Amino acid sequence: MSTPCMNKLSTPTLRIGQVALASGMSTASIRFYEQQGLLSPATRSSNGYRAYSAQDVERLRRIRTCRSLDMSIQEIQALLQVPGDSPTVCEVTSQVLLEHLEHVAHRIEELQELKSRLEALQGLCQHPVDAECPTQAAMGQMEASSKSRSSHHLRHL
């Protein structure tokens, strides 16, 4: 798909709607990434519209790829700060990916623990229909325990 003015890499002539179409992002996402500093602020045309370049579209595509890998804003920022022709680009990229892998592994552990807790709760559902629900009671105890841990944590801050 060809977008108007895409042949001029650095000339900001694209409106936000065109950039959204070309990058696969919503206009709200584009504004958000601009506010977060992942995308340079757009120049303004004489009529006040935001104007973007083809380089901005490419940067947004990179951001979208990173977000599809569930990378944080900080991780994306670290990757985007290193120029593609820098001798350290591979080293920085490798380090960011390694740290992200560690984060993902930790989240997987947390999700496996959550799955086990949910399975245990669901297993309590094997009771007569007219009986009090042990699952609801167990969930109530979990809630009370969670509040207790939170207040304990707050006292030690």
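Look a little higher up for the structure.
All of the points below concern the structure found in this document. No experiment lies behind these values; they were computed from the predicted model shown. (Residues numbered from 1 in each chain as written. Predicted model: local features only at pLDDT ≥ 70, side-chain atom pairs only at ≥ 80, totals over all residues. Heavy atoms only, no water.)

Brief notes about the overall build of the protein
In terms of helices and strands, the protein carries six helices and two strands. Scanning the protein from its N terminus toward the C terminus, one meets helices and strands in the order α-α-β-β-α-α-α-α. Taken across its 157 residues, the protein has 23% of its residues classed as buried. The long-range share in the protein, meaning contacts at least 24 apart out of those at least 6 apart in sequence, stands at 47%. Counting every atom, the protein has about 11100 Å² of accessible surface; 56% of that belongs to carbon and sulfur. (Helix = DSSP H or I, 4+ residues; strand = E, 2+ residues; numbered from the N terminus. Buried < 20%, exposed > 50% of the residue type's maximum accessible area, 1.4 Å probe, protein only. Contact = heavy atoms within 4.5 Å. Areas by Shrake-Rupley, 256 points an atom, 1.4 Å probe, with all protein chains shown as cover.)

A word on unusual backbone geometry
You will see that D70, though not glycine, has its phi angle at about 65°, which is positive. Here D70 shows up in the loop between helix 3 (54-68) and helix 4 (73-81).

Overview of a nonpolar patch on the surface
Taken together, L111, L114 and L118 make up a surface patch of nonpolar side chains, about 270 Å² in accessible area. When you line up the elements, L111 lands in helix 5 (residues 89-123). Taking the relative accessible area as the measure of exposure, L111 reaches 52% and is therefore exposed. (Patch = residues over 30% accessible without salt bridge, like charges linked within 9 Å, V, L, I, M, F, W, Y side chains within 5 Å. Salt bridge = Lys/Arg side-chain N within 4 Å of Asp/Glu carboxyl O.)

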